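In case you want the letters, here they are:
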There are 2 protein chains.
Amino acid sequence: MDYELAVIGAGPAGVAAGIYAVRAGISTIVLEEKLVGGQIVVSPWIENYPGYENISGMDLAEIFKNHLKKYIEPHELEPVKSLTKTEEGFGIVTSKGKYEVKAVVFATGAIYRTLGVPGERKFSGKGISYCATCDGFFFRDKKVAVVGGGNTAAVEALYLKNLGMDVHMIHRRDQLRAEMRYQEELEKKGVNIVYDTVVCCFNGDEKLESIELKDVNTEERRTENFDGAFVSIGLIPNTGLVRDLGVEVDDNGYIKVDDFQRTNVKGVYAAGDITGGARQIVTSCAQGAQAALASTEVLGKQYPF
Amino acid sequence: MDYELAVIGAGPAGVAAGIYAVRAGISTIVLEEKLVGGQIVVSPWIENYPGYENISGMDLAEIFKNHLKKYIEPHELEPVKSLTKTEEGFGIVTSKGKYEVKAVVFATGAIYRTLGVPGERKFSGKGISYCATCDGFFFRDKKVAVVGGGNTAAVEALYLKNLGMDVHMIHRRDQLRAEMRYQEELEKKGVNIVYDTVVCCFNGDEKLESIELKDVNTEERRTENFDGAFVSIGLIPNTGLVRDLGVEVDDNGYIKVDDFQRTNVKGVYAAGDITGGARQIVTSCAQGAQAALASTEVLGKQYPF
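As the structure is a computational prediction, the values presented were derived from the model and not from experiment.

> With reference to specific residues and values, describe the overall build of chain A.
When you go through chain A residue by residue, the secondary structure sums to eight helices and 16 strands. Counting only C-alpha atoms and orienting by the principal axes, one finds that chain A spans roughly 65 × 35 × 35 Å. Every one of the 305 residues in chain A was classed for burial, and the buried ones make up 58%. Just so you have it, chain A exposes about 12500 Å², and 46% of that area is on carbon and sulfur atoms.

> Summarise the interface of chain B and chain A; cite the residues concerned and give the values.
The interface is formed by 48 residues belonging to chain B together with 48 residues belonging to chain A. Between chain B and chain A, the buried area comes to about 4900 Å², and carbon and sulfur atoms account for 58% of it. Between chain B and chain A we count four salt bridges in total. With its nearest N and O atoms 3.7 Å apart, the salt bridge here joins Glu47(B) to Lys70(A).

> Requested: an account of empty space enclosed by the protein, with residues and values cited.
Residue and element names in this part refer to chain B. Scanning the model with the defined rule gives two cavities of 30 Å³ or more in all. Lining the largest cavity are 16 residues, and of these Tyr 112, Tyr 130, Glu 156, Leu 235 and Arg 279 sit closest to its centre. Its residues assigned to classes, the lining of the largest cavity shows eight nonpolar, five polar and three charged. There are two domains that each give the lining of the largest cavity at least three residues, and those are domain 1 (3–111 + 235–298) and domain 2 (114–231). Volume-wise, the second largest cavity comes out at about 60 Å³.

> Describe the packing of helix H5 (residues 151–162) of chain A against helix H6 (residues 180–189) of chain A, naming the residues involved and giving the relevant values.
Between two packed helices, both the angle of their axes relative to each other and the distance between the axes serve to describe the pair. Residue and element names in this part refer to chain A. One can describe the packing of H5 onto H6 by two numbers: an axis separation of 10 Å at closest approach and a directional angle of 25 degrees. With respect to their mutual orientation, H5 and H6 come out roughly parallel. As H5 runs across H6, the sense of the crossing is left-handed. Here Asn 151, Ala 154, Val 155, Ala 157, Leu 158 and Lys 161 of H5 come into contact with H6, specifically with Tyr 182, Glu 185, Leu 186 and Lys 189. Taken together, the residues of the contact of H5 with H6 sort by class into six nonpolar, one polar and three charged.

> Report on the sheet that holds strand S8 (residues 143–147) of chain B, specifying residues and quantitative values.
Residues and elements named next belong to chain B. Pairing in this open sheet of five strands is parallel, and the strands run S7-S14-S8-S9-S10 from one edge to the other. Strands with a single pairing partner mark the edges of an open sheet, and in this sheet they are strand S7 (128–129) and strand S10 (192–194). Examined bridge by bridge, S8 and strand S9 (residues 166–170) share five bridges and lie parallel to one another. Its bridge partner being in S9, Ala 145 is matched across the sheet by His 168.

> Provide a residue-level description of the packing of aromatic side chains, including the pertinent values.
What the rule picks out here adds up to 12 aromatic pairs over all chains. One aromatic cluster is present, built from ring pairs that chain together Tyr49(A), Phe64(A), Tyr49(B) and Phe64(B). Over the face of the ring belonging to Phe137(A) we find Arg140(A), whose NZ or CZ atom lies 3.6 Å from the ring centre. The aromatic ring of Phe226(B) is capped on one face by Lys143(B), whose charged end is 4.7 Å from the ring centroid.

> Tell me about the pattern of salt bridges, and name the residues and values.
If you walk through the whole model with that rule in mind, you get 26 salt bridges over all chains. Between Glu185(B) and Lys189(B) there is a salt bridge, and its shortest N-O distance comes to 3.1 Å. In this pair, Glu185(B) and Lys189(B) both sit in helix H6 (residues 180–189), four residues apart, roughly one turn of the helix. By sharing partners, the salt bridges in this structure join Arg23(A), Lys70(A) and Glu47(B) into a single network.

> So, a negative patch on the surface: which residues are in play, and what are the values?
A cluster of acidic side chains, namely Asp2(A), Glu87(A), Glu88(A) and Glu100(A), defines a negative patch on the protein surface. With respect to the helices and strands, Glu100(A) occurs in strand S5 (residues 98–106).

> A description of the relation of the copies chain B and chain A should follow, citing residues and the corresponding values.
Take chain B, turn it by 180 degrees, move it 0.0 Å along the axis, and it overlays chain A with an RMSD of 0.0 Å. The superposition of one copy onto the other is thereby described by a two-fold rotation axis. Mapped onto chain A, 100% of the interface residues of chain B again fall at the interface, so both copies present the same surface.

> Please provide a residue-by-residue account of the pairing of strand S11 (residues 197–204) of chain A, values included.
Residues and elements named next belong to chain A. Sheet analysis places S11 next to strand S12 (residues 208–215), joined by seven bridges and oriented antiparallel. From the neighbouring strand, Val 198 faces S12, where its bridge partner is Lys 214. In this antiparallel pair of consecutive strands, S11 and S12, the connection spans three residues.

> Hey, could you go over the domain arrangement of chain A for me, with residue numbers and the actual values?
All names here are of chain A. Considered domain by domain, chain A is made up of domain 1 (3–111 + 235–298) and domain 2 (114–231). In this structure, domain 1 and domain 2 have C-alpha centres spaced 31 Å apart. Domain 1 puts five residues into the contact, and the matching count from domain 2 is seven residues. The tally of links between domain 1 and domain 2 comes to zero residue pairs in polar contact (both at pLDDT 80 or more). Looking at the side of domain 1 that touches domain 2, its residues break down into two nonpolar, two polar and one charged.

> I'd like to hear about the sheet that holds S12(A), residue by residue, with values.
Residues and elements named next belong to chain A. In spatial order, the strands read S11-S12-S13; together these three strands make up an open sheet with antiparallel pairing. Looking at which strands have only one partner, the edges of the open sheet turn out to be S11 and strand S13 (221–225). Strand-to-strand twist of the sheet, defined as the mean angle between neighbouring strand axes without regard to direction, takes the value 25 degrees.

> Can you lay out the state of the cysteines for me, pointing to particular residues and giving the numbers?
All names here are of chain A. Counted according to the given criterion, the structure contains two disulfides over all chains. Note on cysteine connectivity: Cys 131 is disulfide-linked to Cys 134, with sulfurs 2.2 Å apart. Since a negative S-S torsion denotes a left-handed disulfide, the Cys 131-Cys 134 link at about 70 degrees is right-handed. Taking the relative accessible area as the measure of exposure, Cys 131 reaches 5% and is therefore buried. The structure places no disulfide on Cys 201, whose sulfur is separated from the nearest cysteine sulfur, that of Cys 200, by 6.2 Å.

Conventions adopted
- Residues numbered from 1 in each chain as written.
- Chains lettered and ligands numbered in written order.
- Predicted model: local features only at pLDDT ≥ 70, side-chain atom pairs only at ≥ 80, totals over all residues.
- Heavy atoms only, no water.
- Helix = DSSP H or I, 4+ residues; strand = E, 2+ residues; numbered from the N terminus.
- Buried < 20%, exposed > 50% of the residue type's maximum accessible area, 1.4 Å probe, protein only.
- Areas by Shrake-Rupley, 256 points an atom, 1.4 Å probe, with all protein chains shown as cover.
- Contact = heavy atoms within 4.5 Å.
- Buried area = accessible area lost by both parts, 1.4 Å probe.
- Salt bridge = Lys/Arg side-chain N within 4 Å of Asp/Glu carboxyl O.
- 1 Å grid on protein atoms, 1.4 Å probe; cavity = no way out; pocket = protein on both sides within 12 Å on 5 of 7 lines; lining within 4 Å.
- Points joined across faces, edges and corners; volume = space filled by probe spheres on them.
- Nonpolar A, V, L, I, M, F, W, Y, C, P; charged D, E, K, R; others polar.
- Domains from an automatic or database assignment.
- Axes fitted to C-alpha atoms, helices over the stretch in contact; angles between N-to-C directions.
- Parallel < 35°, antiparallel > 145°, perpendicular 65-115°, else oblique.
- Left-handed = near helix turned anticlockwise from the far one by under 90°.
- Pairing = 2+ DSSP bridges.
- Phe/Tyr/Trp six-rings, centres within 6.5 Å; stacked < 30°, edge-to-face > 60°.
- Lys NZ or Arg CZ within 6 Å of the ring centre and 35° of its normal.
- Patch = residues over 30% accessible without salt bridge, like charges linked within 9 Å, V, L, I, M, F, W, Y side chains within 5 Å.
- Lys, Arg positive; Asp, Glu negative; His and termini not counted.
- Charge placed at Lys NZ, Arg CZ, Asp CG, Glu CD.
- Least-squares fit on C-alpha atoms with pLDDT ≥ 70 in both.
- Polar contact = N/O pair within 3.5 Å; in protein donor to acceptor, adjacent residues only side chain to side chain.
- Disulfide = S-S within 2.5 Å.

Given below as structure tokens:
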């Protein structure tokens, strides 16, 4: 056995798991395909992680990394190629080596679906956001578009409306996929729903200024000014590696966990965005800490708090 | 209605709830009987809140307070006298006023039971701790006492043993209350259990150096050197205010909550130590954030993420 615990993914959940695991006396390896920090690396400003009033995602990632490094050297740029059940635990093959471990905390996150239209990448973090809870507060009293028509888009639109924004939902079809209760709320709250319309491109200079929209029936294009756009067309949880282990996921593809972050497979824990939910930095950190503490139960060490 | 939401208690859970509530556009009042920070104020050093490698509890409390104040002025030194159900929500009477609110996040924490012996207060945070997960790492390879005989004491003793400490459980009776599986683990791991023994007093100069123990049968006293002592004789959740509302608690007196921090009473949420569990700063913060987000559901605003 090379390590007792492997933490796969070093976003907020993986960082917290690593810190808590080592502090609990667990021999641990933290594997990260890219760099420590995960999604926060691309967040220009974070204002809702308690303890940091206003910090760039890059800076918070650096702080998290240094905190983790106090306990353990994370393996950055070392993607996991496969994860298999073995007699005594799990076998992990990465781009650089093979490891035998007894337990795994899975914290590989989720990726926001993008529209893939011109200007989207350029203005990401400069007017375009993928998370209303994270970034809505920056746009108070502004005019924003919410692109999407599902439950999440509806909830995000309501969240933003509630912050006093002029909210326009842009949806490509002639009706929303969101449940009726959401649709009723949207109408009641005065969210403007723009049906049969797609985004052609995002325009601006330093930051987003306008969106070019196309009516899918008439093919007519028009440009409308917006201060912000929330792209809310879903997330893809990075569950590729655990599917073969038989880890259960919910209807949206997120890993199902209990209060201790246990999956249905003994010795496999999951934390952070990959489990869905509020998907905030602080909730991910908490889940990572809890997962690490709980993993002691399969390491023959103690029982979870 | 004076406010939409009242957050009662401004420890980590209440602070996070306040930040998230205001950022979600909820009119909020935060009521705190003492000062913002809660239990962390008395923690000399905190090393496991992700983002702060090493900080005094006092300093982290100050940072949390300033973060909260960016959004809302907390009402410090304003204890809640009563909390009652009203037609439209809840009525709160404090030492300074009356408030009508629609929803409540209850985050009043829990108090560690103390032994009440000489030296305990003096060396609290200077060798005496009430939380192994929080402080165990400071005592690696040292000799420590765990005072108590229940499940929590057993889990804490195992946690500390696992960190390489020489662990001695001091218990006043001739057998532990902890479940048999814990007792077996304690024996297997080599935790020394000192039965029929109570702590008379804690001694030292600047920090804890020794403990005076008494054999309850022979009344014989002896002094033994210890680097640290973990007092693990339980916690008292501060649930006084919510009992009358019919909020359900578990066998240990902690408030029962679901994944969204809802209690069984509509409009009442709970977060932090009062709900039991891992009782870490980061888990409390996460619960507070989640509770605030969830409370929007009863404010006619949106549905929880």
